[in-house]
Amino acid sequence: MTEFEKLGGTYRQVGDYYLPNLEIDNQIKVQIGVWGQRHRRFLKENHRVRYYNLLTTGTLNDYLAEIESRAQAMFDMLVRELSEKENLTEKLKASDPMEWVRRSNNLRNRATEIVNAEVIFV
């Protein structure tokens, strides 16, 4: 009898092989967006022990979902506040679309850098 069987595990036969019957906990599938993926890459490259601890305990997806939520909320707030502060309005969009695009891209890039520095790469 194997240790797996002593712990209550069972096997199923597939062709000539016996494979263990393993199940993954019924976790809710969470969509991890760009912020969570960036943070996962950062952890994997710079904080391997933390990354593998989260992975092996089954909490990585929940952790990344929380990072995704915090980062997206911060990004949205920054874009909204900076747009108001710099008077980036629909009126400017109608009168000078190229200037509006230039300023919008600049604003979004700054917001991305702030989120990266304060949430993603820490």
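Please refer to the structure higher up on the page.
Residues numbered from 1 in each chain as written. Predicted model: local features only at pLDDT ≥ 70, side-chain atom pairs only at ≥ 80, totals over all residues. Heavy atoms only, no water.

A.B. asks: When you look at the side chain of E68 in this model, what are you seeing that I'm missing?
C.D. replies: Of note, E68 is situated in helix α4 (residues 60-85). It turns out E68 is buried and unbridged, and the closest side chain with the opposite charge, R40, is 8.5 Å from it. A distance of 2.8 Å separates a polar side-chain atom of E68 from the backbone nitrogen of G36. Here E68 is in contact with I32, G33, V34, W35 and G36, once residues within four sequence places are set aside. (Helix = DSSP H or I, 4+ residues; strand = E, 2+ residues; numbered from the N terminus. Buried < 20%, exposed > 50% of the residue type's maximum accessible area, 1.4 Å probe, protein only. Lys, Arg positive; Asp, Glu negative; His and termini not counted. Salt bridge = Lys/Arg side-chain N within 4 Å of Asp/Glu carboxyl O. Polar contact = N/O pair within 3.5 Å; in protein donor to acceptor, adjacent residues only side chain to side chain. Contact = heavy atoms within 4.5 Å.)

A.B. asks: Just checking my understanding: could you explain the packing of α4 against helix α6 (residues 97-120) for this structure?
C.D. replies: The description of two packed helices rests on the angle between their axes and on the distance between the axes. α6 packs onto α4 with a crossing angle of 145° between their chain directions and a minimal axis gap of 9 Å. The two elements α4 and α6 cross, and the hand of that crossing is right-handed. For the pair α4 and α6, contact is made by I67, R70, A71, M74, F75, L78, V79, L82 and S83 and by L107, R108, A111, T112, I114, V115, E118, V119 and I120, respectively. Classifying every residue of the contact of α4 with α6 gives 13 nonpolar, two polar and three charged. (Axes fitted to C-alpha atoms, helices over the stretch in contact; angles between N-to-C directions. Left-handed = near helix turned anticlockwise from the far one by under 90°. Nonpolar A, V, L, I, M, F, W, Y, C, P; charged D, E, K, R; others polar.)

A.B. asks: Just to check I follow, could you spell out helix α2 (residues 34-46) for this structure?
C.D. replies: Since one α-helical turn is 3.6 residues long, residues separated by three or four positions face the same way. Given a rise of 1.5 Å per residue, 13 residues ought to cover 18 Å, and the 18 Å separating the end C-alpha atoms of α2 matches this to within 8%. Taken together, the buried positions of α2 are W35, G36, H39, F42 and L43. In an axial view of α2, the angular spread of the buried residues amounts to 125°, which keeps them on one side of the axis. Looking at the buried residues of α2, the elements they touch are α3 (48-57), α4 and α6. (Expected span 1.5 Å × (residues − 1). Arc of directions from axis to C-beta.)

A.B. asks: Would you mind showing me how to read unusual backbone geometry here?
C.D. replies: Of all residues except glycine, most have a negative phi; of all peptide bonds, most are trans. The residue N87 is not glycine, and still its phi comes out positive at about 55°. Relative to the assigned elements, N87 resides in the loop between α4 and α5 (90-95). Judged by its relative accessible area of 53%, N87 falls in the exposed class.

A.B. asks: Please explain the environment of T89 as it appears in this structure.
C.D. replies: Among the structural elements, T89 can be located in the loop between α4 and α5. Using a relative accessible area of 31% as the deciding quantity, one classes T89 as partly exposed. Sequence separation between T89 and G9 is 80 residues; the distance between their C-alpha atoms is 63 Å.

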